[in-house]
Amino acid sequence: MVKDLTNSELDRKNILNNNLAVQEAYNYLGFQGIKFEGKFRYTKIQVAQYFEVDVRTINRLLENHRSELDQHGHEVFAGNRLRLFKEALSQLKDIDVPQLEDEGDGELVGARATALNVFTFKGFLNVAMLLQGSERARQLRASILDLVLDTLNQRLGGTTKYVNQREQDYVPSALREFNYRQEFTNALDKYIDQNQFKYGQLTDRIYMSIFKEKSKEYRQILKLNTKESVRATMYSEVLDLVSAYENGFSDYLRKAYEEKGELLRLSEANVLFKEFEEMTEMAFQPLKEKARSLMASRDMAFRDALHEQLKEYISEVSQEDFDKFLGEKSKSLEERLSENIDVFIRLKNK
DNA sequence: ATCGGGTACACGAGCTTGGC
DNA sequence: GCCAAGCTCGTGTACCCGAT
């Protein structure tokens, strides 16, 4: 599916929030900005010249997409900041930066200018994603999409299946969940009649309650084969919630069993689950919303997977998330495991 | 629907001017 | 020669419009 960046704010944000990709794009383009306050800056005139469009066209983008552009680094310099920026500019002129000399005939800033539109590199990319008419912008959009895929592939070694395991919280959450899962299956063994369907059915009920998909549907959406573990692909926030359900429902089953004094039937357990779900509805609501939103948004951005049932929860993936899963602190599971060995031992001895 | 063009007004820093 | 008021200029912002 080819994304049309010019008409999807969500897709634009998902690229601009990916700092790694933005960094790659900067290196790739070699469009040198003026370093100011730690960021590379471009004046409105520079941006217009780069894309070979009228300055007026950039003005119109500013009128129609102001908040988005501001969010991605567009600013108006005035007063003291403008003075400092002009100084930085004239210093560059002295050292004779060819990039700046070549572009256009006039000065980048008039001496008496009292306000100035300035973009960061990210803002410049944002403009590229909005300009429909510029051929250079169109080419840049295509390169960006390739770059995003490349960096994703580079980081993840070709597969996005286990991208969920790359963040710091995954291993502790997975280990905790593993323990609660054991308690849960123990509870199903102890309190429910012998029935080959009980594990699958009640697990699916938990999944349905949290993210509106049964295990089978989830597998299809993430293209997992039968040997691949569903839980190994879940984000820590989802795993935590699964743990909460398993722990809570195990206890609920035990009480029902003790009250009844004999083994429960699977049909009874299903009714009990419905009760449990209603009882915890309000308490779990905020966590469910969060888990659904993170899961749907991340799977869209990282795995190119669409959870149809969670469509309304899709939003942008935050910069923090991109860093968490793809940035310097992100790591493969093998690295995480050796790091978390003490946690593992602690949980095992519980 | 997008783009370039036009107009009008606001703003503030630098320049000009005129009174002392 | 000095100072402050007022003017000038480049820019931003917000409209509208017609050509393509």
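Residues numbered from 1 in each chain as written. Chains lettered and ligands numbered in written order. Predicted model: local features only at pLDDT ≥ 70, side-chain atom pairs only at ≥ 80, totals over all residues. Heavy atoms only, no water.

## Focus on the pairing of strand S2 (residues 39-43)
One ladder, built from three bridges, connects strand S1 (residues 34-36) with S2; its direction is antiparallel. The partner of phenylalanine 36 across the bridge, within S2, is lysine 39. Between S1 and S2, which pair antiparallel one after the other, the connecting turn spans two residues, and glutamate 37 there sits at a positive phi close to 50°. Relative to strand S4 (residues 115-120), S2 is paired through three bridges, and the arrangement is antiparallel. Its bridge partner being in S4, tyrosine 42 is matched across the sheet by phenylalanine 119. (Pairing = 2+ DSSP bridges. Helix = DSSP H or I, 4+ residues; strand = E, 2+ residues; numbered from the N terminus.)

## Topic: helix H15 (residues 319-326)
For H15, the complete set of buried residues consists of Asp321, Phe322, Phe325 and Leu326. Within H15, the buried residues cover an arc of 100° as seen down the axis, which keeps them to one side. Here the buried face of H15 lies against helix H1 (9-16), helix H2 (19-29), helix H9 (135-156) and helix H14 (266-302). (Buried < 20%, exposed > 50% of the residue type's maximum accessible area, 1.4 Å probe, protein only. Arc of directions from axis to C-beta. Contact = heavy atoms within 4.5 Å.)

## Thoughts on helix H10 (residues 170-191)
Between its first and last C-alpha, H10 extends 31 Å over 22 residues, near the 32 Å set by a 1.5 Å rise per residue. Burial in H10 covers these residues: Tyr170, Val171, Pro172, Ser173, Ala174, Leu175, Glu177, Asn179, Phe184, Ala187, Leu188 and Tyr191. (Expected span 1.5 Å × (residues − 1).)

## Observations concerning the pairing of S4
Across the six residues that make up S4, a large majority, five, are buried. Sheet topology note: the strand S3 (residues 75-78)/S4 ladder contains four bridges and is antiparallel. Paired with glutamate 75 across the bridge in S4 is valine 118.

## A word on the confidence of the model for chain A
Across chain A, pLDDT averages 86, with 89% of residues at or above 70. Here residues 95-106 is a poorly scored stretch, pLDDT under 50, and it has 14 contacts once near neighbours within four places are set aside; other chains count. (pLDDT = per-residue confidence, 0-100.)

## Things to note about the sheet that holds S1
The antiparallel open sheet is built from four strands, whose spatial order is S1-S2-S4-S3. Edge positions in the open sheet fall to S1 and S3, since each of these has one partner strand only. Between one strand and the next, the sheet's axes are offset by a mean angle of 50°, whatever the strand orientation. Running at roughly 85° to S4, helix H8 (residues 121-130) makes contact with S2 and S4 of the sheet. (Axes fitted to C-alpha atoms, helices over the stretch in contact; angles between N-to-C directions.)

## Things to note about the protein's contact with DNA strand B
Close to DNA strand B lie nine residues, the nearest being Asp54, Arg56, Thr57, Gln132 and Gly133. Of what DNA strand B places within 4 Å of the protein, 67% of the atoms are sugar or phosphate. Here a base oxygen of DNA strand B and a side-chain polar atom of arginine 56 are 3.0 Å apart. At a separation of 3.0 Å, a phosphate oxygen of DNA strand B approaches a polar side-chain atom of glutamine 132. If you tally residues by element for the surface near DNA strand B, the top one is helix H4 (residues 55-64), at three residues. Of the residues assigned to the surface near DNA strand B, the class counts are no nonpolar, five polar and four charged. (Near = heavy atom within 4 Å. Polar contact = N/O pair within 3.5 Å; in protein donor to acceptor, adjacent residues only side chain to side chain. Nonpolar A, V, L, I, M, F, W, Y, C, P; charged D, E, K, R; others polar.)

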